[in-house]
Amino acid sequence: NDSVAFLGLQKIDTVFPLIPQPIKIIAYNGFYDINQLNVIAVSNETLLPAANYISKILYDITSTHIQVVVENTVQKNAFNLRLSNLSNNSEQYKLSIAPSEITITGTSIQAVINGINTFRQFIIFNSISSTPSKSNFQCVLIEDKPAFHWRAYMLDVARHFFTKEEVCQTMDIMALLKLNKLHLHLTDDQGWRIPIDKHPEFLETGWKRLPNEHDSICLAKAKDNPDFQYPFDRWDRTFYFGKYSKSDIKEMIDYGMERGIEIIPEIDIPGHSSIAIKAHNNLACVGIGVGWGKEFSYPLCLGNDSVLMYYKDIFSELRELFPSKYIHVGADEADQTNWTSCPKCPTKIS
């Protein structure tokens with residue numbers, strides 16, 4: 001009960017720099033000392049992954065491994081995680097930092113994770129604020145729900161490779177801001193980063209490349225500004241390179257899920273497919289190989305049944321690997337000139 005949790009405290013005017021701003025914030029003239037925490041209490045076992053998430057966060061600020069227990073009622077000197085039907089919004093949550101405990105109640109596991117990520121923002125500004133002690137957290141009651149279900153960020157690891165660790169760091173920042181979809185751009189004309197067990201030649205062809213004209217601009221600027229220099233773990237002064245294993249992908253998926261983030265893979269077709277055509281020249285239109293039209297690269301051949309065969313295999317493996325019900329395909333940005341001159345494409349189109 002909120003009134004009981006803040007009994008004897010007075011409401012105060014305080015601005016909290018939360019992003020995005022919650023729908024409702026009430027601050028009180030009291031504090032909770034995080035060092036008093038002795039347990040993380042979840043209302044049922046489905047919240048144990050969320051408890052694992054907050055446990056890591058609390059360890060960073062208390063240097064203590066806090067025990068996790070399953071308790072049906074709110075516990076004192078505990079970080080309580082609870083499920084309750086607050087509304088028909090599946091991500092609505094309530095965060096209560098009271099003098100005797102901290103409680104996050106959500107309509108779903110995702111909602112509870114949203115509350116945890118709001119608490120993470122309190123940790124940041126608490127560390128630089130003028131509270132009596134860095135371990136003291138201002139008493140506050142927050143109620144919030146997202147305005148948009150789809151809150152996405154796109155990371156292009158095909159053109160410029162980001163390591164597994166860097167992708168996870170990106171998801172940490174995304175979670176802090178309650179972004180919940182990571183669009184991971186895995187293939188393009190400049191790179192192919194994901195292994196396909198049935199067709200390893202795609203990764204073998206596309207995991208490294210010689211610098212292109214855009215890379216050359218960066219490398220020239222790097223002579224005066226080291227910020228433009230390629231990281232040496234993916235640049236040997238001849239080739240630019242980077243790839244993921246399927247275990248890397250699974251680790252990133254698990255890391256994102258713990259933070260409420262769904263990874264959506266992108267495999268570009270029919271355009272931006274130069275790597276695929278390099279691996280199998282018969283994927284291009286008859287008499288055409290890898291090349292560029294006026295604006296975009298030559299696309300896959302629409303009239304060639306082997307193109308469908310290869311990509312059925314690719315998408316089948318993606319479905320097995322990624323829990324997301326979505327797979328993004330590029331579809332646009334394809335030079336269509338070849339399709340009109342190819343003997344196979346017009347037949348298929350008609």
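Refer to the preceding data block for the structure.
I will try to describe carefully the structure that is included in this document. Worth saying up front: this structure is predicted, and the values here are computed from it rather than measured. (Residues numbered from 1 in each chain as written. Predicted model: local features only at pLDDT ≥ 70, side-chain atom pairs only at ≥ 80, totals over all residues. Heavy atoms only, no water.)

**With respect to the overall build of the protein chain**
Link 1 in the chain: Scanning the protein chain from N- to C-terminus turns up 11 helices and 15 strands.
Link 2 in the chain: If one aligns the C-alpha atoms of the protein chain with their principal axes, the spans along those axes are about 80 × 50 × 35 Å.
Link 3 in the chain: Scored against the burial criterion, the 350 residues of the protein chain give a buried share of 51%.
Link 4 in the chain: In the protein chain, 73% of the contacts between residues at least 6 apart in sequence involve partners at least 24 apart.
Link 5 in the chain: As displayed, the protein chain has an accessible area near 17300 Å², and 54% of this comes from carbon and sulfur atoms.
Link 6 in the chain: Side-chain charges of the protein chain comprise 33 positive and 40 negative groups, with the mean position of each set lying 2 Å from the other. (Helix = DSSP H or I, 4+ residues; strand = E, 2+ residues; numbered from the N terminus. Buried < 20%, exposed > 50% of the residue type's maximum accessible area, 1.4 Å probe, protein only. Contact = heavy atoms within 4.5 Å. Areas by Shrake-Rupley, 256 points an atom, 1.4 Å probe, with all protein chains shown as cover. Lys, Arg positive; Asp, Glu negative; His and termini not counted. Charge placed at Lys NZ, Arg CZ, Asp CG, Glu CD.)

**Considerations on a nonpolar patch on the surface**
Link 1 in the chain: The grouping of I19, I173 and L177 at the surface amounts to a nonpolar patch, some 270 Å² of accessible area in total.
Link 2 in the chain: Residue L177 is classed as partly exposed on the basis of its relative accessible area of 33%. (Patch = residues over 30% accessible without salt bridge, like charges linked within 9 Å, V, L, I, M, F, W, Y side chains within 5 Å. Salt bridge = Lys/Arg side-chain N within 4 Å of Asp/Glu carboxyl O.)

**A short note on the layout of surface pockets**
Link 1 in the chain: Reported here for the largest pocket is a volume of approximately 440 Å³.
Link 2 in the chain: What lines the largest pocket is a set of 22 residues, and nearest its centre among them are D189, Q190, R209, N212 and W292.
Link 3 in the chain: Contributing elements (two or more residues each) for the lining of the largest pocket: helix 5 (201-206), strand 13 (208-209), helix 6 (213-222) and helix 8 (274-279).
Link 4 in the chain: Each residue belonging to the lining of the largest pocket can be placed in one class, and the counts come to five nonpolar, eight polar and nine charged. (1 Å grid on protein atoms, 1.4 Å probe; cavity = no way out; pocket = protein on both sides within 12 Å on 5 of 7 lines; lining within 4 Å. Points joined across faces, edges and corners; volume = space filled by probe spheres on them. Nonpolar A, V, L, I, M, F, W, Y, C, P; charged D, E, K, R; others polar.)

**Focus: the sheet that holds strand 15 (residues 262-266)**
Link 1 in the chain: Reading across from one edge, 9-10-15 is the order of the three strands in this open sheet, with parallel pairing throughout. The outermost strands of the open sheet, each flanked by one partner alone, are strand 9 (152-156) and strand 15. On average, each strand axis in the sheet is inclined to that of its neighbour by 25°, with strand direction left out of account.
Link 2 in the chain: Bridge count for strand 9 against strand 10 (residues 181-185) is five bridges, and the pairing is parallel. (Pairing = 2+ DSSP bridges. Axes fitted to C-alpha atoms, helices over the stretch in contact; angles between N-to-C directions.)

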